[in-house]
Amino acid sequence: MKPTLFVLAAGMGSRYGGLKQLDGLGPNGETIMDYSIFDAIRAGFGKVVFVIRKDFEDDFRAKVLSKYENHIPTDVVFQSLDKLPAGFTCPAERTKPWGTNHAVLMGKGVIKEPFTVINADDFYGRDSFAVIGRELAGLQDGSTDDYCMVGFRVGNTLSESGSVARGVCEVNSTGYLTSVVERTAIERIDGRIQFKDENGATVYLEETTPVSMNMWGFTPDYFAHSEEYFKEFLRANMDNPKSEYFIPLMVNELTTRGVSRCKVLDTTSKWFGVTYKEDRQSVVDKIAALIAAGEYPGRLF
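Residues numbered from 1 in each chain as written. Predicted model: local features only at pLDDT ≥ 70, side-chain atom pairs only at ≥ 80, totals over all residues. Heavy atoms only, no water.

S.K.: Quick question: what am I supposed to make of the pairing of strand β2 (residues 47-52) here?
M.R.: Each regular strand shows side chains that alternate between the opposite faces of the sheet. Most of β2 sits out of view: five of its six residues are buried. In the sheet, strand β1 (residues 4-8) pairs with β2 via five bridges, with the strands oriented parallel. The residue of β2 that forms the bridge with Thr4 is Lys47. In this sheet, strand β3 (residues 74-78) lies alongside β2 in parallel orientation, the contact comprising five bridges. Bridge pairing in β3 places Ile52 opposite Phe78. (Buried < 20%, exposed > 50% of the residue type's maximum accessible area, 1.4 Å probe, protein only. Helix = DSSP H or I, 4+ residues; strand = E, 2+ residues; numbered from the N terminus. Pairing = 2+ DSSP bridges.)

The following block contains the structure:
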């Protein structure tokens, strides 16, 4: 069974207003998301599911889904604050979304095959889709609790305009994740990649240290695990209006409990995105360079 690509796009309206996040960065107005879909198709993915907000469904179908017709089947699901497990009610003062793993839970009813989760606004690169697509397609039928993530080499994920936050991964001798810790203010200074830890000490990272860019591979049993742990999360955090249920939080929970394991996949792809407004032209230039090198056609869809 071909894997499904699950695109987290519910934050688009809230962060940018309407669909302004769909900024044309390619030569014919292609968005970063268009390149992800194109890469997924040639990596053998069979379907794309988007999680969005219900209030811009019409715009999304007209401006986004229509371009993928005749290329790959698509579907949409909706994230909202009130989509909680039975017995839980969203506090009236809550305005912040419940986080990326809550968004993933929205796919439970439509995804029945292995799937890859990505952010809508990150450029992941051709090799990363090939690597994770191959891993998921090679799973035995009925596989459970055997997950994966693309571990980007930190040196391939930095911004030229400032420091970045990354999920720094620790991996055991067999290539499986033992922990992922969010680190802030990572940057290259005097040629060395570094950040300050919780004690203010400088920590240096090797160029190839794997980091999470929110590109995960799961089998459908992940939904049941997530729903159960989400109940625990809500009991502990319901009164905290800023609490968020993130994917690494869930993965860490499953791996430390010994329930599941997560293989870290290396990739040569260089991640980029518009972290800072100053990054935009750099992204345009990088896409143009990839087209010139033959990685992508001038027009995708």
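S.K.: Is there a simple way to think about unusual backbone geometry in this case?
M.R.: A negative phi angle characterises most non-glycine residues, just as the trans form characterises most peptide bonds. The residue Asp145 is not glycine, and still its phi comes out positive at about 60°. Summarising the element assignment, Asp145 is placed in the loop between α5 (126-137) and β5 (146-153). On the accessibility criterion, Asp145 (21% relative accessible area) is partly exposed. The backbone phi angle of Asn214 is positive, close to 65°, even though this residue is not glycine. Residue position: Asn214 is located in strand β10 (residues 210-218). Relative accessible area serves as the criterion here: at 10%, Asn214 is assigned to the buried category.

S.K.: It is not clear to me how the side chain of Asp39 should be interpreted in this structure. Could you clarify?
M.R.: Structurally, the position occupied by Asp39 is in helix α2 (residues 32-42). Once residues lying within four places of it in the same chain are set aside, the contact partners of Asp39 are Gly125, Arg126, Phe129 and Tyr296. (Contact = heavy atoms within 4.5 Å.)

S.K.: Help me out: how do you make sense of the side chain of Ser159 in this one?
M.R.: Its place among the elements puts Ser159 in the loop between β5 and β6 (164-171). A residue is classified by how much of its surface remains accessible, and Ser159, at 16% relative accessible area, is buried. Within the structure, the side chain of Ser159 is placed 3.0 Å from the backbone nitrogen of Ser161, a separation counted as a polar contact. Only 3.1 Å separates the side chain of Ser159 from the side chain of Asp279, close enough to count as a polar contact. (Polar contact = N/O pair within 3.5 Å; in protein donor to acceptor, adjacent residues only side chain to side chain.)

S.K.: It is not clear to me how the packing of helix α6 (residues 221-237) against helix α7 (residues 247-256) should be interpreted in this structure. Could you clarify?
M.R.: When two helices pack together, their arrangement is given by the angle between their axes and by how far apart the axes lie. It is the contact of α6 with α7, at a shortest axis distance of 11 Å, that shows an interaxial angle of 100°. As far as their axial angle goes, α7 and α6 are roughly perpendicular. Across the interface between the two elements, Tyr222, His225, Ser226, Tyr229 and Phe233 of α6 pack against Ile247, Leu249, Met250, Val251, Glu253 and Leu254 of α7. Here the residues of the contact of α6 with α7 are counted per class, giving eight nonpolar, two polar and one charged. (Axes fitted to C-alpha atoms, helices over the stretch in contact; angles between N-to-C directions. Parallel < 35°, antiparallel > 145°, perpendicular 65-115°, else oblique. Nonpolar A, V, L, I, M, F, W, Y, C, P; charged D, E, K, R; others polar.)

S.K.: How do you make sense of the state of the cysteines when you look at a structure like this?
M.R.: Any covalent bond linking the sulfur atoms of two cysteines counts as a disulfide. Counted by the stated rule, this structure contains zero disulfides. Looking at the unpaired Cys148, the closest cysteine sulfur is the one in Cys262, lying at 6.5 Å. Residue Cys148 is classed as buried on the basis of its relative accessible area, which comes to 1%. (Disulfide = S-S within 2.5 Å.)

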